[in-house]
Amino acid sequence: MKAVNGWRLAMGGVLVLALTGCGNIEPWVKPYERQALADPIMAFDPNPVSASYLDHVYEAREGARGALGSAGGGCGCN
Amino acid sequence: MKKAWGAGQWVTLALLVLAWPLASVAGVLGEDRADVLYHRYDGGGVTIHGPSVLVRKKLAEKYAISANYYMDMVTSASIDVEVSGASEYKEERDQYSFGFEYLRGKTTYNLGYTNSKENDYQAETTSFGISQDLFGDLTTITMGFSRGKDVVRRRDTVTDEIDPSFREPIDRWSYRVGVSQILTKSLIATMQLEVITDEGFLNNPYRSYRFVNPSDDRLFALDPEIYPRTRTSNAVAFNARYYLPYRAALHGGYRFFTDTWGIDASTFRLGYTHPMGPWTFEVGYRYYTQGNADFYSDLFERANQQNFMARDKELSTFVSQTLSVGATYDFLPNGWRFVKKGTLNLRYDRIEFEYEDFRDARFSLLPADDPSFRAAGAEPFYTFGANVIQAFVSVWF
């Protein structure tokens, strides 16, 4: 039950942010200050085909799964 | 089984989906690209290799389609195969994935479908996701849902024929939320949460648990594993990337995992990316640790000792550590005809697995007069290392 309440709270929080925050918060990093963040070496997933392969390598051999940032897919790794 | 979501959660989700377009101005879809990759995994008596091809194309800057073909060619004589008395086997897995994205203002909607087939396992997954840029694009929120349907079959390990009487389904549900946040001019961080629920035949149909042989307690006997028919897991991950002033990137992450089978796991990652002319070099380290499932035991005292019994090393207590090195060479910095850019990539990962309650049962299968013989339950713990190689070409067009 606890997990479901936590989920609902997180969803509610996101909803409040989405409804109230838009347009009111002044971006503290201006668009012209984002050259470093736009550099390809700062991409979280620069090689999706390689990252999803490695995720699969670990998922088939370890108990943990999820929260990897990819859309997921059929594993067939049993 | 506990219901994954109640009506309240669905109403909240619906409101959220309706509210998001209010913030819309304009976003961008990812670049057009194609990747052709060869992968090879070699470790613990198992070799898996094959290609993966991904193509992604935008249409009218509002839509994007993607397709991926992935193949595993497996040759396995793993410790599990050896201990069960079966001989080396070969199999093949083909996987097709298709994706569609639609950009409306600052909201991106995506749909995905994946189909995976091997002779004794089929999996189909459909997914839906939404992503929204907020607060002057400092924040991106993502949400996703996937539904999977698998069918587990069983091969006869001697004749290699599929058993027509064995056909077990698995239903899967996955719910994801994520936030990506620009924190400073040099630092970006993400948080992701994922809840996955499975229901059905979750065993590996070829694996056995082992118990003390009633006629000789130095030996063991085997019986098919029995798993619970449901599993729900929660994972939360934090990742960050930091831009170093001399143009390099430091990146790291932590993931905590827990599930209803009693497995708790932590994953730590640290990496460094360094460009040098047309080259980009990357090094990384990954540390993973997990505790065993409640119904896991390396050696049960007797057959049918409890309701659920497993001896899968994936459910045991262990640590895995990985060292990675990678190099990317930009071979078309100025483009060529319709190609804007092209890279050649090579990556090597060395993974070491060290098990803390999974013993190497091959030692108690030796003749009792062999000097290496160890009684069941007194064998050394199993360890193995794996080499993972990826070579791929990427082009942007």
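1. Topic: the overall build of chain A
- The number of helices and strands found in chain A is three helices and zero strands.
- Of the regular secondary structure in chain A, the N- to C-terminal order runs α-α-α.
- Expressed as a percentage of its 78 residues, the buried residues of chain A come to 42%.

2. Notes on the overall build of chain B
- Along the backbone of chain B there are two helices and 18 strands.
- Projecting the C-alpha coordinates of chain B onto the three principal axes gives extents of approximately 75 × 55 × 40 Å.
- Relative to all contacts within chain B whose residues are 6 or more apart in sequence, the contacts with residues 24 or more apart total 59%.
- Just so you have it, chain B exposes about 18800 Å², and 59% of that area is on carbon and sulfur atoms.

3. Looking at the pattern of salt bridges
- The final tally for this structure, using the stated rule, is 33 salt bridges over all chains.
- We note a salt bridge from Arg65(A) to Asp198(B), for which the minimum N-O separation is 2.4 Å. Taken as a pair, Arg65(A) in the segment after α3 (48-59) and Asp198(B) in strand β9 (residues 187-200) lie in two separate chains rather than in one. Residue Arg65(A) shares its accessibility class with Asp198(B), and that shared class is buried.

4. Brief notes about unusual backbone geometry
- Despite not being glycine, Ala67(A) has its phi angle at roughly 60 degrees, a positive value.
- Here Ala67(A) lies in the segment after α3.

5. A short note on the side chain of Glu225(B)
Residues and elements named next belong to chain B.
- Residue placement: Glu-225 occurs in the loop between β11 (220-224) and β12 (230-244).
- One buried charged residue, Glu-225, remains without a salt bridge, the closest side chain of opposite sign being Arg-207 at 6.0 Å.
- For Glu-225, the side chain forms a polar contact with the main-chain nitrogen of Arg-311, separated by 2.7 Å.
- Residues in contact with Glu-225, not counting those within four places in the same chain, are Asn-203, Asn-204, Arg-207, Ser-208, Tyr-209, Met-309, Ala-310, Arg-311 and Asp-312.

6. With respect to the pairing of strand β1 (residues 33-43) of chain B
Residue and element names in this part refer to chain B.
- Two strands pair when backbone bridges link them, and β1 and strand β18 (residues 381-396) are joined in this way by eleven bridges, in the antiparallel orientation. Bridging from a neighbouring strand, His-39 pairs with Gln-390 of β18.
- Across eleven bridges, β1 lies against strand β2 (residues 46-59) in antiparallel orientation. Paired with Arg-40 across the strands is His-49, a residue of β2.
- Adjacent in sequence and paired antiparallel, β1 and β2 are bridged by two residues, among which Gly-44 carries a positive phi angle near 60 degrees.

7. A look at α3(A)
- The first and last C-alpha atoms of α3(A) sit 16 Å apart over twelve residues, in line with the 16 Å expected at 1.5 Å per residue.
- Looking at α3(A), one finds that the buried residues are Val49(A), Ser50(A), Tyr53(A), Leu54(A), His56(A), Val57(A) and Tyr58(A).

8. Looking at the nonpolar core
- By size, the foremost hydrophobic cluster in this structure holds 45 residues, and its most contacted members are Tyr41(B) and Leu315(B).
- The contacts of Leu315(B), once residues within four sequence positions are left out, are Tyr227(B), Trp261(B), Ile263(B), Gln290(B), Asn292(B), Ala293(B), Phe295(B), Tyr296(B) and Ala310(B).
- Counting residues in hydrophobic clusters, the runner-up holds ten residues, among them Val29(A), Leu37(A), Leu138(B) and Tyr243(B).

9. Some details on the environment of Arg337(B)
- Secondary-structure assignment places Arg337(B) in the loop between β16 (318-330) and β17 (341-359).
- On a C-alpha basis, the gap between Arg337(B) and Phe397(B) in space is 9.2 Å, while along the polypeptide they are 60 residues apart.

10. Here's the deal with the confidence of the model for chain B
All names here are of chain B.
- The predicted model of chain B has a mean per-residue pLDDT of 92, with 93% of residues at 70 or higher.
- For residues 1-5, every residue scores under 50 in pLDDT, and the model assigns this stretch eleven contacts once sequence neighbours within four places are set aside.
- Contacts from residues 10-25, a stretch scored under 50 in pLDDT, to residues over four places away or in other chains number 38 contacts.
- Predicted as a complex, the structure gets a pTM of 0.87 and an ipTM equal to 0.90.

About the criteria used
- Residues numbered from 1 in each chain as written.
- Chains lettered and ligands numbered in written order.
- Predicted model: local features only at pLDDT ≥ 70, side-chain atom pairs only at ≥ 80, totals over all residues.
- Heavy atoms only, no water.
- Helix = DSSP H or I, 4+ residues; strand = E, 2+ residues; numbered from the N terminus.
- Buried < 20%, exposed > 50% of the residue type's maximum accessible area, 1.4 Å probe, protein only.
- Contact = heavy atoms within 4.5 Å.
- Areas by Shrake-Rupley, 256 points an atom, 1.4 Å probe, with all protein chains shown as cover.
- Salt bridge = Lys/Arg side-chain N within 4 Å of Asp/Glu carboxyl O.
- Lys, Arg positive; Asp, Glu negative; His and termini not counted.
- Polar contact = N/O pair within 3.5 Å; in protein donor to acceptor, adjacent residues only side chain to side chain.
- Pairing = 2+ DSSP bridges.
- Expected span 1.5 Å × (residues − 1).
- Core = buried A, V, L, I, M, F, W, Y, C linked by side-chain atoms within 4.5 Å.
- pLDDT = per-residue confidence, 0-100.

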